[in-house]
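A structural walkthrough
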Amino acid sequence: MSALNSTPPVEIPDLEEQTMDRAKESFYTATQFQLMWLKFRRHKLAIIGMFVLALFLIAMLFAEFLAPYGSQSRDADYLFGKPQSIHFFDDDGNFRGMFVYSVISQFNIDTMQVDLVEDRSEIRPVNFFAKGEPYKMWGLIKGDLHLFHVEDAFIHLFGTDSLGRDVYSRVIFGTRTSLSIGFIGVIISFILGLAIGGVSGYFGGLIDDIVQRMIEFIRSIPTLPLWMSLAAILPKEWSPLRVYFAVTVLLGFLSWTTLARRVRGKLISMREEDFVFAARIAGSSDARIIWRHMIPAFLSYIIVDLTVSFPAMILGETTLSFIGLGLREPVVSWGVLLQASQNIKAIEQHPWLFFPAIFVVISVLAFSLVGDGMRDAADPYSH
Amino acid sequence: MAKYALRRFITMVVMLVALSLIVFVILELPPGDFAERYVHDLRQSGAQVTYGQVEYYRHMLGLDRPWPERYLNWATNIVTRFDFGWSLTYRLPVTKVIGDRIWFTIILSVVTIGASYLIAIPLGIYSAIKQYSTGDYLLTILGYLGMATPAFLFALLLLYVSTMYFGTSVGGLYSLEFQNAPWSWNKFIDLMRHIWPAVIVLGTSGAASTLRTMRATMLDEKNQLYVTVARAKGVPENKLIQKYPVRAALNPIVSTIGWELATIVSGSPITATVLSLPDIGPIFLKSLTNQDIYLSGTILLIYSCLTIVGTFVSDILLAMLDPRIRYGGIE
């Protein structure tokens, strides 16, 4: 111990100072993006949200692999089936790995109804990365590998619906639809908001006045009733896929106003900045000034606004589909799935049909948290 | 002030006129009309309908005239006789179909907005003053959850909980004896007793965002120098909070009453349908699917009116609160 103590204590603050300097140096030389990341990382809830969103993204990309069955595949012997329980120990208490019992229907002579009971005679092990129902990933790549699969029986983690379709698989496919609507809608509102807000803010004057009145006007119509009216006029004969695109475009076309306002505000405040003036003197065209000089200066704010507008899209689609004005089978989205639990009776008898709701809430929550974290990080030079 | 109010009022009227036109155009867009749908339904029920009958109905209902003419007719009748047209599904004047239900929608919206402010503003202040306390974290989590849950999910959840655990249904709004009674004070009291599930469902997301806004602006304001000065002068803490930062922080809340109302109104058709409330929401949905354009148009117009009037009110309130606004702002 004495040998350790004999080391001169003066060196310790020195070292600390050095690391401090290094930290400072890396802080001062960091790019804008690195600074943002540093700031974002401090927001713990936002990091959790980011992680959840990554999971959703994986579910969206690899739905066919993660879902054991297709969205329309039926288990005809298990209608309105409860979520199956996962077992690890058999009836004698021996550890048998992860397994399920298959379910058989039995006629109950007392209640005169068909009961679904577990067949405890045979163990059905859950195989991971096993071959199961063949599929075409994104309709392109053929495959039959699933994350988990049960041989000669079915596994329904979230139970089944009225036609015996696996709710878990359908929720996974619904994730793809619902999030993709969010993505496309956000891209549409991004382009519109940037273009219209850009023109309005950069040129000012009469154009600006007209655009601003237009935005005020659109915003004064309550969103959901307007969406409902517009969705209701989509022809009934349209194919589900066409309706899907129409609803997406609809959601995107009506939500560009917030972004347009933001872009306009930023452009107006930036129009008089020195670097814009310099670019103009150097002979840059209007388009070049907007795209090369002004937009990069406030891109981070735009990204924040886009993230924050995701939830509105997802909720919009879910609500429209839920009341039957949006998407419809065989397109599967969270809203379409929730249609099955439209009244209290359905929820009372088959509460598991409510599972998609949890996904809706979690995804919206994750987007809001990430958006909040990004809003704090968007201006890394503020303290 | 009067000049400012008048200017805002004129803007509001212009908006309403433009709105009525847009509403009419939107509802005119779909191919096919009520006559076709009606005849289709007749055929489905087994009746023999000739092609001439479609034309006959169309002519009788005035659907064969060009849309600008029909719009002008509709608009003039509204202004001169308060006649919003004829509901083709109910075979009654639109005003009759909507009738008392409109009052319910208005009462519900106003009660909801009042309740959500009454709850959210004090909680927001508390959250900001006790920043990073357990209560603050709890409120933050609740706030996020409230914003993330769509109204219809919340309504379903409430229905589920109340039927499963309390054995009563929260759907419907009046006790039996008041179901068909005309409006009276007692009926109003009875309504207030049954209105809370709808208020909770409609108000939560708005209350959640009000709470977040209130907290954020309070946090900005509470460290301002004028607050420190007041504290240094020895103003008691409670009075200080009320008089200084809260007043300033209320500003953005007041200015968004219009949007707040828009959010509530926007959610109401769905919530009303799920909770089976006797307001205009369920009729709206039905009229949309039936292409009953005068009815759905009128309701869409009512919804928009509520938000436009809300914006007007919040503009005036804001001008009263903040002199910079009524004098045209700082250049």
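Residues numbered from 1 in each chain as written. Chains lettered and ligands numbered in written order. Predicted model: local features only at pLDDT ≥ 70, side-chain atom pairs only at ≥ 80, totals over all residues.

Attention now moves to the overall build of chain A. Within chain A one finds 15 helices and four strands. Projected onto its principal axes, the C-alpha coordinates of chain A cover approximately 90 × 85 × 40 Å. For chain A, the proportion of its 383 residues judged to be buried stands at 36%. Within chain A, counting contacts between residues at least 6 apart in sequence, those at least 24 apart form 70% of the total. (Helix = DSSP H or I, 4+ residues; strand = E, 2+ residues; numbered from the N terminus. Buried ≥ 20, exposed ≤ 12 C-beta atoms within 10 Å, placed from the backbone. Contact = placed C-beta atoms within 7 Å.)

This part covers the overall build of chain B. A count of helices and strands for chain B gives 17 helices and two strands. Split into buried and exposed, the 331 residues of chain B put 37% on the buried side. For chain B, the proportion of contacts with a sequence separation of at least 24, taken over those separated by at least 6, is 73%.

What follows is about the sheet that holds strand E1 (residues 87–89) of chain A. Residues and elements named next belong to chain A. Strand order in the open sheet made by the four strands is E1-E2-E3-E4, with antiparallel pairing throughout. Either end of the sheet is taken by a strand with one partner, and the two such strands are E1 and strand E4 (141–150). Going across the sheet, the axis of each strand differs from the next one's by a mean of 50 degrees, ignoring polarity. In terms of strand pairing, E1 meets strand E2 (residues 95–108) through two bridges, oriented antiparallel. (Pairing = 2+ DSSP bridges. Axes fitted to C-alpha atoms, helices over the stretch in contact; angles between N-to-C directions.)

Moving on, we come to the packing of helix H14 (residues 257–274) of chain B against helix H16 (residues 293–321) of chain B. Residue and element names in this part refer to chain B. At a closest axis distance of 7 Å, the pairing of H14 and H16 adopts a crossing angle of 160 degrees. Classified by the angle their axes make, H14 and H16 are roughly antiparallel. Here H14 runs over H16; the crossing is right-handed. Between H14 and H16, the contacting residues are Ile 257, Gly 258, Leu 261, Ala 262 and Val 265 on the first element and Tyr 303, Leu 306, Thr 307, Gly 310, Thr 311, Val 313, Ser 314 and Leu 317 on the second. Split by residue class, the contact of H14 with H16 holds eight nonpolar, five polar and no charged. (Parallel < 35°, antiparallel > 145°, perpendicular 65-115°, else oblique. Left-handed = near helix turned anticlockwise from the far one by under 90°. Nonpolar A, V, L, I, M, F, W, Y, C, P; charged D, E, K, R; others polar.)

Attention now goes to the nonpolar core. Counting residues in hydrophobic clusters, the biggest one holds 122 residues, and the most contacted among them are Trp227(A), Met228(A), Ala231(A), Val247(A), Phe152(B), Ala155(B) and Val201(B). Element by element, the count of residues in this core is highest for helix H15 (residues 355–377) of chain A, at 12 residues. Among all residues touching Trp227(A), those that are not within four sequence positions of it are Leu250(A), Leu254(A), Gly316(A) and Leu320(A). In this structure, Trp256(A), Leu267(A), Ile290(A) and Met294(A) belong to the second largest nonpolar core, which totals 12 residues. (Core = buried A, V, L, I, M, F, W, Y, C linked by C-beta atoms within 7 Å.)

A few words on the environment of Thr217(B). Looking at the secondary structure, you find Thr217(B) in helix H10 (residues 196–222). In contact with Thr217(B), not counting residues within four places along its chain, are Ala249(B) and Pro252(B).

Attention now goes to the packing of H10(B) against H14(B). Residues and elements named next belong to chain B. Relative orientation of the contacting elements H10 and H14 amounts to 135 degrees, with a least axis distance of 9 Å. Compared by their axis directions, H10 and H14 come out oblique. For the crossing formed where H10 meets H14, the hand is right-handed. Residues Ala 198, Val 201, Leu 202, Ser 205 and Gly 206 of H10 form the contact with H14, whose own contacting residues are Glu 260, Thr 263, Ile 264, Gly 267, Ser 268 and Thr 271.

This part covers the interface of chain A and chain B. Every contact between the two is made by 29 residues of chain A and, on the other side, 38 residues of chain B. Those elements that place two or more of their residues in the side of chain A that touches chain B are helix H7 (205–220), helix H8 (223–232), helix H12 (286–322), helix H14 (344–349) and H15 of chain A. Element by element, the count of residues in the side of chain A that touches chain B is highest for H8(A), at seven residues.

Residue and element names in this part refer to chain A. With eight bridges connecting them, strand E3 (residues 113–137) and E4 associate as antiparallel partners. Within E4, the position partnered with Ala 130 by the bridge is His 146. Counted along the chain from E3 to the antiparallel partner E4, the turn is three residues long, and its residue Trp 138 has a positive phi close to 55 degrees.

What follows is about the pairing of E3(A). Regular strands show a simple pattern: their side chains alternate between the two faces of the sheet. Residues and elements named next belong to chain A. For E3, a buried count of one out of 25 residues is recorded, marking the element as mostly open to its surroundings. Summarising the sheet, E2 and E3 pair through nine bridges and their orientation is antiparallel. Each bridged residue has a counterpart across the sheet, and for Gln 106 the counterpart in E3 is Asp 115.

Bringing helix H7 (residues 134–148) of chain B into the picture now. The end-to-end C-alpha separation of H7(B) is 21 Å, in line with the 21 Å expected for 15 residues at 1.5 Å each. Looking at H7(B), one finds that the buried residues are Leu139(B), Gly143(B), Tyr144(B), Gly146(B), Met147(B) and Ala148(B). Against H12 and H15 of chain A together with helix H6 (101–129) and H10 of chain B lie the buried residues of H7(B). (Expected span 1.5 Å × (residues − 1).)

All right, on to the confidence of the model for chain B then. All names here are of chain B. The predicted model of chain B averages 79 in pLDDT, with 88% of residues at 70 or higher. Confidence scores differ between elements of chain B, with helix H17 (residues 323–326) showing the lowest mean pLDDT of 62 and helix H11 (residues 225–233) the highest of 88. For this predicted complex, the interface score ipTM comes out at 0.77, while the overall pTM is 0.78. (pLDDT = per-residue confidence, 0-100.)

Before going further, it helps to examine the domain arrangement of chain A. Each assigned domain of chain A is listed with its residue range as follows: domain 1 (65–165) and domain 2 (170–378). The straight-line distance from the C-alpha centre of domain 1 of chain A to that of domain 2 of chain A is 38 Å. (Domains from an automatic or database assignment.)

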